[in-house]
Amino acid sequence: MPNALSRGIFKLFFGAKRKPFASLPGPQPGILGTAGDFLGASPWDVCARYGREYGGVTLIWMGPNPGLVLNDPALIAEVYESPRRMEFEKGNISEQIRPSTTDDTAFTAELRGDWVQKRALEPSAQSWAPEALADLVGPMQAAISESVDALLKKDRIDFAPALRRLTFDAFSVAQVGEKLTDQVFEDFMLLARAADARIQSKLPLKFVKPPKDFEAVKARFYGHFVDRIREARKRQDPRAVDLMSRYLRETPGIDDQVLAHMLGGTYFGGAFSSSVTLVGAFHQLNKYPDADARLASEAASLVADGPLTSQKLEAAKWAEAVAYEALRILPAVRVMTRTPSKDAQLAGVTLPAGSMIMISNQHLHRDPKHWEDPDTFKPERWLDGGIARDPLGSGYFFPFGRGPRACVGADFAMVFLKTALATIASRVKVQLDSTEPFEEGFFFGVVLPKGVTGKLVERAAPALQGVRARSA
Ligand code: HEM
């Protein structure tokens, strides 16, 4: 809380500006407005605290500019889903990540611009997407199983980077039919770090210099996908199930560059968020051994008579419940920003164009008025109608956002998460050094678990040995 002098100065200079917002609760602004609350604290924790202290809407001041933190499902729906939503653009994330991504993804498109066309081009928006996803379960299982083999050789694993690479490799098999080289992964990480430097910069973006060789690395990263697309066009393998081959078969007129940009863009949209969700899931499973044992037993039965299939995944209700519960309790993307492109009516006030609206799912995902025992990892809450009560993208559960601009890769992410949980649990126990809460960092807009270390221990059951040979 700013001191009396700081509050007095704010009142003196901006008192008149505050009047139209007098109906809204919020912390007392000082010289910096209320921005000081965010200094040195995780923004999602600040948003959740505001939810507890001030309720569904909190008035904040970014210096002399008003903004809102929303923790109210109805107001959040208004921003994400109402017919007026065209007024609310994403915050400055597009400008921050744009140099590392491309213009050919929905990620950075403006609602008022060509977002509709870009979104319609995404692989997941195609009519064949459900069938394509079903065909990817087996290949992703094999890729993940191979990564498990490599991790089993390590005495100590730092799980955030290790599962990031496992995810990158499984995604590559899904995208282009095989794992990509270390060079492609390193190129991706350099581009992601460059974008992260812009996201986290306290300086205006023009002062944030790209790393050395940035443009060359970017050309090499996306060029790699262009090369693969050209090869695939020549090969025309009718049995290939990867998304690139499927896209080329179904929509041969797609431009090579555009498809390459979408394939490359998938890693930015999904590799960090999906892998940290797995880290969170295994952290919780260590803390709750009964849930872990149930996952291991379900996974063993799924692979007992051969590789995973999408039908088997459909029946894997516990793996699904574990994925949902991990997304509820430790959502990877916890703060989303929006900004009105023109003056907008919201929460009974007129919010000036360009104001900051912060939406966080952390408070609502654990709101005790809605969830029983909200801080406890209880996958069973998702069984027996739990998923229908709180579907993805509903008021108290929106790990992938809400409404038409929600995550374009959510179906893919769910198939990946369930495949990874079932594959890993069927092979090994993920044994962590500690079940204490881990330190949380922030990388590329995603909450990053730090210091989650341990090792993989092979499951003893002899019945699993044959499965491994068959599924690898
Ligand atoms: C557990 C994994 C994932 C989580 C938690 C997640 C979360 C989210 C969230 C919360 C948004 C909405 C952001 C906003 O409203 O400002 C979003 C958007 C998006 N996600 Fe994901 N995501 C995941 C995986 C993926 C994957 C695998 C892909 C790619 C296949 C992907 C691609 C995208 C894209 C392109 C958008 C922008 C959509 C648009 O603006 O129309 N995400 N994601």
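Here the structure is a predicted model, which is why all the values come from computation and not from measurement.

### Re the nonpolar core
Across soluble globular proteins, you tend to see nonpolar side chains buried next to one another.
Right, on to step 1. Grouped together as the largest cluster of nonpolar side chains are 106 residues, with contacts concentrated most on Phe-188 and Phe-416.
Right, on to step 2. For this core, the element with the highest residue contribution is helix α11 (residues 256-287), accounting for 15 residues.
Right, on to step 3. Leave out the neighbours within four places in its chain, and Phe-188 touches Phe-168, Phe-221, Tyr-267, Phe-268, Ala-271 and Phe-272.
Right, on to step 4. Among the nonpolar cores identified, the runner-up in size contains 22 residues, and Leu-24, Tyr-80, Leu-346 and Phe-398 belong to it.

### Observations regarding the coordination of the iron atom of the ligand
Right, on to step 1. From the protein, the iron atom of the ligand takes a single donor atom, Cys-407 (SG), 2.3 Å away.
Right, on to step 2. You can see Cys-407 is positioned in the loop between α16 (386-389) and α17 (410-427).

### Re the packing of aromatic side chains
Right, on to step 1. Evaluated as defined, the whole model comprises 29 aromatic pairs.
Right, on to step 2. The ring of Phe-107 has Lys-90 lying over it, and the distance from NZ or CZ to the ring centre is 4.8 Å.

### Topic: the site of the ligand
Right, on to step 1. Lining the immediate environment of the ligand, one finds 25 residues, of which Trp-115, Arg-119, Arg-338, Arg-405 and Cys-407 sit closest.
Right, on to step 2. Between the ligand and the protein, one listed contact pairs an oxygen atom with a side-chain N or O atom of Trp-115 at 2.7 Å.
Right, on to step 3. A distance of 2.6 Å separates an oxygen atom of the ligand from a polar atom in the side chain of Arg-405.
Right, on to step 4. Where the shell around the ligand is concerned, the elements lending two or more residues are α5 (115-121), α11, β5 (335-340) and α17.

### A word on unusual backbone geometry
Right, on to step 1. Look at Asp-213: it is not a glycine, yet its phi comes out positive at around 65°.
Right, on to step 2. Considering the arrangement of structural elements, one finds Asp-213 in the loop between α8 (182-200) and α9 (214-235).
Right, on to step 3. Judged by its relative accessible area of 48%, Asp-213 is partly exposed.
Right, on to step 4. Of note in the backbone geometry, Phe-444 takes a positive phi value of approximately 55° without being a glycine.
Right, on to step 5. Classification of Phe-444 as buried rests on a relative accessible area of 6%.

### What to know about the UniProt feature "binding site: heme" (unreviewed entry) in the protein
Right, on to step 1. Following the UniProt record, one finds the feature "binding site: heme" (unreviewed entry) at Cys-407.
Right, on to step 2. Cys-407 gets classed as partly exposed once you look at its relative accessible area, which sits at 34%.
Right, on to step 3. What Cys-407 contacts, discounting residues up to four positions off in sequence, is Arg-119 and Phe-400.

### A word on the confidence of the model for the protein
Right, on to step 1. Taken over all residues, the pLDDT of the protein has a mean of 92, while the share at 70 or more is 96%.
Right, on to step 2. Counted against residues more than four places away or in other chains, residues 462-472, with its pLDDT under 50, gives 21 contacts.

### Quick word on the sheet that holds β5
Right, on to step 1. Strand order in the open sheet made by the 5 strands is β1-β2-β8-β5-β3, with mixed pairing throughout. The open sheet is flanked by β1 (57-62) and β3 (88-90), the only strands paired with a single partner. Strand-to-strand, the axes of this sheet are offset by a mean angle of 30°, without reference to chain direction.
Right, on to step 2. With 4 bridges connecting them, strand β2 (residues 65-70) and strand β8 (residues 356-360) associate as parallel partners. When the sheet's bridge partners are listed, Gly-67 is paired in β8 with Met-356.

### Considerations on the sheet that holds strand β9 (residues 428-432)
Right, on to step 1. If you trace the 3 strands from one edge of the open sheet to the other, you get β4-β12-β9, paired in antiparallel fashion. Edge strands, defined here as strands with exactly one partner in the open sheet, are β4 (157-158) and β9.
Right, on to step 2. Of the strands in this sheet, β4, β9 and β12 (453-458) are in contact with helix α6 (residues 129-152), which crosses β12 at around 110°.

### Quick notes on the pairing of β5
Working note: regular strand, side chains alternate between the two faces of the sheet.
Right, on to step 1. Burial analysis of β5 places 6 of its 6 residues in the buried class, the great majority of the element.
Right, on to step 2. Judged by which residues are buried, β5 turns out to be covered on both faces: Val-335, Thr-337 and Thr-339 on one side and Met-336, Arg-338 and Pro-340 on the other are all buried.
Right, on to step 3. Sheet topology places β3 next to β5; 3 bridges connect them, and they run antiparallel. Counted as the bridge partner of Phe-88 is Pro-340 from β5.

Here is what the cut-offs are and how they apply
Residues numbered from 1 in each chain as written. Predicted model: local features only at pLDDT ≥ 70, side-chain atom pairs only at ≥ 80, totals over all residues. Heavy atoms only, no water. Core = buried A, V, L, I, M, F, W, Y, C linked by side-chain atoms within 4.5 Å. Buried < 20%, exposed > 50% of the residue type's maximum accessible area, 1.4 Å probe, protein only. Helix = DSSP H or I, 4+ residues; strand = E, 2+ residues; numbered from the N terminus. Contact = heavy atoms within 4.5 Å. Donors = N, O, S within 2.8 Å, 3.2 Å for Na, K, Ca; no water. Phe/Tyr/Trp six-rings, centres within 6.5 Å; stacked < 30°, edge-to-face > 60°. Lys NZ or Arg CZ within 6 Å of the ring centre and 35° of its normal. Near = heavy atom within 4 Å. Polar contact = N/O pair within 3.5 Å; in protein donor to acceptor, adjacent residues only side chain to side chain. UniProt positions renumbered as here; feature names shortened; annotations may be inferred. pLDDT = per-residue confidence, 0-100. Pairing = 2+ DSSP bridges. Axes fitted to C-alpha atoms, helices over the stretch in contact; angles between N-to-C directions.

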